[in-house]
Amino acid sequence: MTKFKQNKKKAGDQGKKQEESRTSARESKCILQYKTAQLSSNTISAKFKNSEDDEVKESISVYKDNDPKDQFIELQKRIFTTFANRYDYFKDGKAKMLSQTYGRCLIGSCETEWNKLVEPIRDWDTTQIKPKIKKLLQKHAMKVLGRKAFDNQQDAMEAGMVKPKSMSLSASIERLYTINEDMKMMTENGESYSDAVMAKKIIYKALIGSARVEYVKKGGRNKTDKEDILEIMEDIEEALEVEREVEAEARQYSRNNHENDRERTGNEDNKQPDNSGKAGEETVPGNGWTDPSKNMCKKPGHKHPWNACPENRFSKNYKGDDAKGREKSGENNSINQKDESQTVVRFEDPGDFDFSDDESVSYQKPEHMMIASPKQEEKHPVTIISLPTAKGEVIVTTCLVDQCFTGMLLMSEKTAKELDLELVETQNGTEYTTAAGTLKTTRKVTVDNIKLPCLSKTRRFQGTFEIIPTGASSKSCYGVFLGSAMMRELGIDTSIINNTISWGEDITTQMVPRNYWTPERMQTEISKSKKSPKTKLNTEDATIAVPEAQTQVKLVSKEEKQNLPQVLESVDTKLQG
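Being a predicted model, the structure only gives us computed values, none of them experimental.

Undergrad: How should I be thinking about the packing of aromatic side chains in this particular structure?
TA: Throughout the structure, instances matching the rule amount to 13 aromatic pairs. Both rings, one in Phe-405 and one in Tyr-432, keep their centres 5.4 Å apart while their planes meet at 75°; by these two values the pair is edge-to-face. Of the two residues, Phe-405 sits in the loop between strand S7 (394-401) and strand S8 (409-412) while Tyr-432 sits in strand S9 (residues 424-434), which places them 27 residues apart along the sequence. Comparing Phe-405 with Tyr-432 shows no difference in burial state: the two are buried. Put simply, the rings of Phe-48, Phe-83, Tyr-87 and Tyr-89 touch in pairs and so form one group of aromatic residues. Lying over the aromatic face of Tyr-204, Arg-212 brings its terminal NZ or CZ to 4.7 Å of the ring centre. Positioned above the aromatic ring of Trp-503, the side-chain terminus of Arg-459 is 5.3 Å from the ring centre.

Undergrad: I keep staring at the side chain of Gln-138 and nothing clicks. Help me out?
TA: Following the sequence through the fold, Gln-138 ends up in helix H5 (residues 129-145). Setting aside residues up to four positions removed in sequence, Gln-138 forms contacts with Lys-184, Met-185, Met-186, Thr-187, Glu-188, Asn-189 and Gly-190.

Undergrad: How should the environment of Glu-520 be read in this particular structure?
TA: Within the secondary structure, Glu-520 is located in helix H15 (residues 519-527). By relative accessible area, Glu-520 is classed as partly exposed at 40%. Taking C-alpha positions, Glu-520 is 9.3 Å from Val-345, a pair spaced 175 residues apart along the chain.

Undergrad: Where do I start with unusual backbone geometry in this structure?
TA: Most peptide bonds are trans, and most residues other than glycine sit at a negative phi. In the Ramachandran plot, Asn-66 falls in the positive-phi region, its phi being about 75° despite a non-glycine side chain. In this structure, Asn-66 sits in the loop between strand S3 (63-64) and helix H2 (69-86). Taking the relative accessible area as the measure of exposure, Asn-66 reaches 74% and is therefore exposed. Positive phi outside glycine occurs at Asp-420, with the angle close to 60°. Tracing the backbone shows Asp-420 in the loop between helix H12 (413-419) and S9.

Undergrad: When you look at helix H9 (residues 210-217) in this model, what are you seeing that I'm missing?
TA: Every α-helix carries 3.6 residues per turn, so stepping three or four residues along brings you back to the same face. For H9, the set of buried residues is Ser-210, Ala-211, Glu-214 and Tyr-215. The arc enclosing the buried residues of H9, seen along the axis, measures out at 140°, which places them on a common side. Among the residues trailing H9, Gly-219 stands out with phi positive, at a value near 75°.

Undergrad: Please explain the environment of His-302 as it appears in this structure.
TA: By secondary structure assignment, the location of His-302 is in the loop between helix H10 (226-265) and strand S5 (344-347). Taking the relative accessible area as the measure of exposure, His-302 reaches 21% and is therefore partly exposed. Apart from the residues lying within four places of it in its own chain, the contact partners of His-302 are Cys-297, Cys-309 and Glu-311. Here the side chain of His-302 touches His-304 through a polar contact of 3.3 Å, side chain to side chain.

Undergrad: Help me out: how do you make sense of a nonpolar patch on the surface in this one?
TA: Together, Tyr-253, Ile-496 and Ile-497 line one region of the surface with nonpolar side chains, adding up to about 370 Å² of accessible area. Looking at the element boundaries, Ile-497 is found in the loop between strand S13 (492-495) and strand S14 (500-503).

Undergrad: Please explain a negative patch on the surface as it appears in this structure.
TA: On the surface, Asp-195, Asp-225, Glu-227, Asp-228, Glu-231, Glu-234, Asp-235 and Glu-238 cluster together to form a negatively charged patch. A per-element tally of the negative patch places H10 first, with 6 residues. Mapped onto the fold, Glu-238 is located in helix H10.

Undergrad: Just checking my understanding: could you explain the sheet that holds S14 for this structure?
TA: Sheets are built from strands paired through backbone hydrogen bonds, the pairs being either parallel or antiparallel. Spatially, S13-S14-S15 is the arrangement adopted by the 3 strands of the open sheet, whose pairing is antiparallel. For this open sheet the edge positions go to S13 and strand S15 (507-510), each flanked by a neighbour on one side alone. Between one strand and the next, the sheet's axes are offset by a mean angle of 20°, whatever the strand orientation. In terms of strand pairing, S13 meets S14 through 4 bridges, oriented antiparallel.

Undergrad: Just to check I follow, could you spell out the pattern of salt bridges for this structure?
TA: When the charged atoms of two side chains with opposite charge come close together, those side chains can pair. Taken as a whole and judged by the stated rule, the model has 14 salt bridges. Close ionic contact of Lys-77 with Glu-74 constitutes a salt bridge, the shortest N to O distance being 3.2 Å. A residue pair is termed a helical-turn pair when its members lie 3 or 4 positions apart in one helix, as Lys-77 and Glu-74 do in helix H2 at 3 residues. A relative accessible area of 27% places Glu-74 in the partly exposed class. Within this structure, Glu-74, Lys-77 and Asp-182 form a network of salt bridges that share partners.

Cut-offs applied
Residues numbered from 1 in each chain as written. Predicted model: local features only at pLDDT ≥ 70, side-chain atom pairs only at ≥ 80, totals over all residues. Heavy atoms only, no water. Phe/Tyr/Trp six-rings, centres within 6.5 Å; stacked < 30°, edge-to-face > 60°. Helix = DSSP H or I, 4+ residues; strand = E, 2+ residues; numbered from the N terminus. Buried < 20%, exposed > 50% of the residue type's maximum accessible area, 1.4 Å probe, protein only. Lys NZ or Arg CZ within 6 Å of the ring centre and 35° of its normal. Contact = heavy atoms within 4.5 Å. Arc of directions from axis to C-beta. Polar contact = N/O pair within 3.5 Å; in protein donor to acceptor, adjacent residues only side chain to side chain. Patch = residues over 30% accessible without salt bridge, like charges linked within 9 Å, V, L, I, M, F, W, Y side chains within 5 Å. Areas by Shrake-Rupley, 256 points an atom, 1.4 Å probe, with all protein chains shown as cover. Salt bridge = Lys/Arg side-chain N within 4 Å of Asp/Glu carboxyl O. Lys, Arg positive; Asp, Glu negative; His and termini not counted. Charge placed at Lys NZ, Arg CZ, Asp CG, Glu CD. Pairing = 2+ DSSP bridges. Axes fitted to C-alpha atoms, helices over the stretch in contact; angles between N-to-C directions.

Have a look at this one:
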């Protein structure tokens, strides 16, 4: 395994552990989880009478101290809801029999607490016994589950109860509705969330990644009916399954191409015979061996086969990044890069940007890669992005199109300050795991008329950026990060095989080296679509100022218009003289 893959796997494992830790901390507050339907194996047998006065036996699970808390609520529901309604025991004045059966199912201090609560009751046949029993059950739950149980359950629901791995998406949402209904039994006068709050907040927070994006797209947050929500979940499950199939096919395609490249470039898979001597020396060909002279190394000063080159990562002589004189570092997360500070270029006249909707009129094939760069430089999915400011100006900064970032949009705090737009505080914030550690965003800003000028001069979109705190953003040279969720929404894709960035089927441009986008190159790129080519670059603050138009229009009278030929003739005579 190469060093890059080792670093990537290590970072992925760390991110997975941190996510599991956050999930564990969140669920530690959760009293009702309903992850499995398994009840206690200890049961009692209880006798009831049906409407025909026939005796019926029912098996009921026993609850002991320290059993899963959701089993306690299940026991209450089974006796005082299921059996009470099935055999009409509240109507027939048999509420005491229900209480006695419930007491038989309790073992430990929970049984003692129940006996204390029902001991003062003398009249079990009153019509008010049902609401009275309900209050007793709520008091009993507070004793068994704890006085803070209801508040902790609320916190867990509002933080987002992510679905258990063993459950389907639809089943996990059914679980949330069940928990919401049962929360009423956890405290006196307990209430559940309304259907609107469930759809807009609780279910939204419980979904992660693509599932949450699809939920919003399908209008789930505006629904109130449970059946409508479950129907949306089924559609999302189907869409995610297709997405997984497509990604699996893409990975297989990439592996196949990788194997083809290995065979074509002559590497460790094309084994040399054992009598080959030192790497690069002439050898006697054997069965299945490729003559290295047919694939000599093209690097300057290298006079050996490519499969013996110390800079070929698939060669047995590979010496890693030291062979190229570069610092060893895992680049699996671009937020942790030791480069120059983020470049922001300001355009005071937004007229420099053509906001026409006609793609066919102004689209030009991007040419910024026509400038030659050394073949050894690694290419990255870096482009530039233009963002309107609150003052009507436009700033341009670098944008990393990052498939490894699964969110929508991130923006450095420096870039956000340049926009001078209102930053909105987020209630809980979002945590991201990077190679430099964990960062948390607590603010966001929404920007209209965003453009990617190197991909299209006319296409524009709206986006909400989470703000990277100053301490974390100082480790990155990019002003904006465009994540895989936003790429999917916009139809943008990157290819590490072809070193390209594409927007739909009709626009493709080449990747560039990480430090390619200087203020001068940004100015050159933007000037291709300007109305006026005259610009002035202030090198001190990297701000491009575009002068205002000086054209003046004067209305000509009818008499002046008639004398115009004579005036022009007089001017021409003077010029010739």
